[in-house]
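Coordinate inspection notes
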Amino acid sequence: MRNQHIKTELPGPRARALIARDANVISPSYPRDYPFAMSHGRGTEVWDVDGNRFLDFASGIAVCATGHSHPQVVEAVQQAAAKFLHISSDYWHENMVALGERLADIAPMGEPVMSFLCQSGTESVEGAL
């Protein structure tokens, strides 16, 4: 299938080469349904390593769907990274407290609330238990 957005057969030669390299060093346990090798994204579109252009209907699975390279998101990440990239929740920092305060302000329960900020559904279930 060729059109103005599809430049090669799918997967293209660069994608096939990357997938072959991956097979030597990455666990086969990842569920990869389609041989798409991403190069970059902008908004709702993504490009593979061969220059083919697609609409991204996966929206960065398991993440907050902000689109790719949105200028405000990029700026926020750059500002955060300029301070520090990561700190364990075992310690305090302004951004975590400010987020907790904001969530408490908008919570619809009508009573004081506390937040448990975590990385996954598993962590949230563990925290609830």
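Attention here is on the structure that accompanies the text. (Residues numbered from 1 in each chain as written. Predicted model: local features only at pLDDT ≥ 70, side-chain atom pairs only at ≥ 80, totals over all residues. Heavy atoms only, no water.)

1. Focus: the packing of aromatic side chains
- In total, this model carries 1 aromatic pair according to the counting rule given.
- With a centroid separation of 5.5 Å and 90° between ring planes, the pair formed by phenylalanine 36 and phenylalanine 54 is classed as edge-to-face. Taken as a pair, phenylalanine 36 in the loop between helix H1 (13-25) and strand E1 (38-42) and phenylalanine 54 in strand E3 (residues 53-55) lie far apart in primary sequence, 18 residues in all.
- By relative accessible area, phenylalanine 36 is classed as partly exposed at 32%. (Phe/Tyr/Trp six-rings, centres within 6.5 Å; stacked < 30°, edge-to-face > 60°. Helix = DSSP H or I, 4+ residues; strand = E, 2+ residues; numbered from the N terminus. Buried < 20%, exposed > 50% of the residue type's maximum accessible area, 1.4 Å probe, protein only.)

2. Examining the side chain of asparagine 52
- Relative to the elements of secondary structure, asparagine 52 occurs in the loop between strand E2 (45-48) and E3.
- In this structure the side chain of asparagine 52 is engaged in a polar contact, spanning 2.9 Å, whose partner is the side chain of threonine 8. (Polar contact = N/O pair within 3.5 Å; in protein donor to acceptor, adjacent residues only side chain to side chain.)

3. As for the pattern of salt bridges
- Taken as a whole, this structure holds 3 salt bridges when the rule is applied.
- The salt bridge involving arginine 32 is made with aspartate 22; its shortest N-O contact spans 2.8 Å. Here the residue arginine 32 occupies a position in the loop between H1 and E1, and aspartate 22 occupies one in helix H1, the gap between them amounting to 10 residues.
- For the salt bridge of glutamate 45 with arginine 53, the shortest nitrogen-to-oxygen distance reads 2.5 Å. (Salt bridge = Lys/Arg side-chain N within 4 Å of Asp/Glu carboxyl O.)

Just distances and angles here, no functional claims.
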